[in-house]
Amino acid sequence: MNGIKRTLLLSSLFCVTGCRQSTNEPSRTILEGTWGSACLPVAIAGTSTSSSRILYIFNDDHRVVRSLMGFGDASCQDPASNLSHEGIYSLGVRTEVSLFNVDMIFTAVSATPKTEATVALWNTTGFCGQSHWALDESLSILGQGGDACLSFGVSTIEYRDVVEVHSYESLVFGGTLNHLVPRPSAAEPFIADHVFSLISP
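Residues numbered from 1 in each chain as written. Predicted model: local features only at pLDDT ≥ 70, side-chain atom pairs only at ≥ 80, totals over all residues. Heavy atoms only, no water.

Our next topic: the state of the cysteines. By definition, a disulfide is the covalent link that joins the sulfur atoms of two cysteine residues. Enumeration over the complete set of coordinates arrives at one disulfide. Two residues share a disulfide in this structure: Cys39 and Cys76, whose sulfurs sit 2.1 Å from each other. Where Cys39 bonds to Cys76 through sulfur, the torsion about that S-S bond is close to 90 degrees, and the disulfide is right-handed. Note that Cys39 is positioned in the loop between strand S1 (33-36) and strand S2 (51-58) and Cys76 in the loop between strand S3 (63-71) and strand S4 (79-93), a separation of 37 residues in sequence. Residue Cys39 is classed as partly exposed on the basis of its relative accessible area, which comes to 33%. (Disulfide = S-S within 2.5 Å. Helix = DSSP H or I, 4+ residues; strand = E, 2+ residues; numbered from the N terminus. Buried < 20%, exposed > 50% of the residue type's maximum accessible area, 1.4 Å probe, protein only.)

Glancing now at the pattern of salt bridges. What the rule picks out here adds up to four salt bridges. Glu96 serves as the salt-bridge partner of Arg94, at 3.0 Å between the closest nitrogen and oxygen. Relative accessible area serves as the criterion here: at 22%, Arg94 is assigned to the partly exposed category. Note that Lys114 and Asp136 form a salt bridge whose closest N and O atoms lie 3.2 Å from each other. Of the two residues, Lys114 sits in the loop between strand S5 (99-113) and helix H2 (116-125) while Asp136 sits in the loop between H2 and strand S6 (139-140), which places them 22 residues apart along the sequence. Using a relative accessible area of 35% as the deciding quantity, one classes Lys114 as partly exposed. Overall, the relative accessible area of 46% leaves Asp136 in the partly exposed class. (Salt bridge = Lys/Arg side-chain N within 4 Å of Asp/Glu carboxyl O.)

Right, let's talk about the environment of Phe71 for a bit. Along the chain, Phe71 falls in strand S3. C-alpha separation for the pair Phe71 and Leu40, spaced 31 residues apart in sequence, amounts to 9.9 Å. What Phe71 contacts, discounting residues up to four positions off in sequence, is Thr49, Ser50, Ser51, Ser52, Arg53, Cys76, Gln77, Asp78, Pro79 and Ala80. (Contact = heavy atoms within 4.5 Å.)

Attention shifts here to the confidence of the model for the protein. Counting all residues, the mean pLDDT for the protein is 82, and 81% of those residues have values of 70 or more. Ranking the elements of the protein by mean pLDDT puts helix H1 (residues 2-18) last, at 40, and S1 first, at 96. Contacts of residues 4-27 to residues separated by more than four positions or lying in other chains number four contacts, the stretch itself having pLDDT below 50. (pLDDT = per-residue confidence, 0-100.)

Shown next as structure tokens:
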């Protein structure tokens, strides 16, 4: 009995100095942080862009912002436009190591022209059903229609995807850019706009 008491006493003393104390801070998810794609040689439909870049911000309260940034040059240096999705996300565990189901539900979508040329183009074409664009001013395009705005013509945009996490340094999605397809079965590391590097935790 004395031996048991001594063991419990030593364990208590060790825990005072070595155990991690609980906090009221929210737990960090594996996606939390800001993630960016490489500069993509892909123009955004309906915009005067030559290249683009995608940015994800996953917050600790399970909020997510996805920005599709368009640039007027080929090296992603001159901002021309920004399309932003805002909503919530959730993660689901899979049997495969480092692979997770990720669901994103966007309830706010906005567009922002970053140059006067983009303003003129969007007002002339009525981009996403709007014709009163102004420089650096965002307008909601959720639920709007138009030939260049098919991806945003619904009241809520839901994505069912998979994401592969590599040592908290990079993410690889399966097909998150198209909400019309079912959840993919695997990540796509050889598709440039599915790979994201950690910019800031």
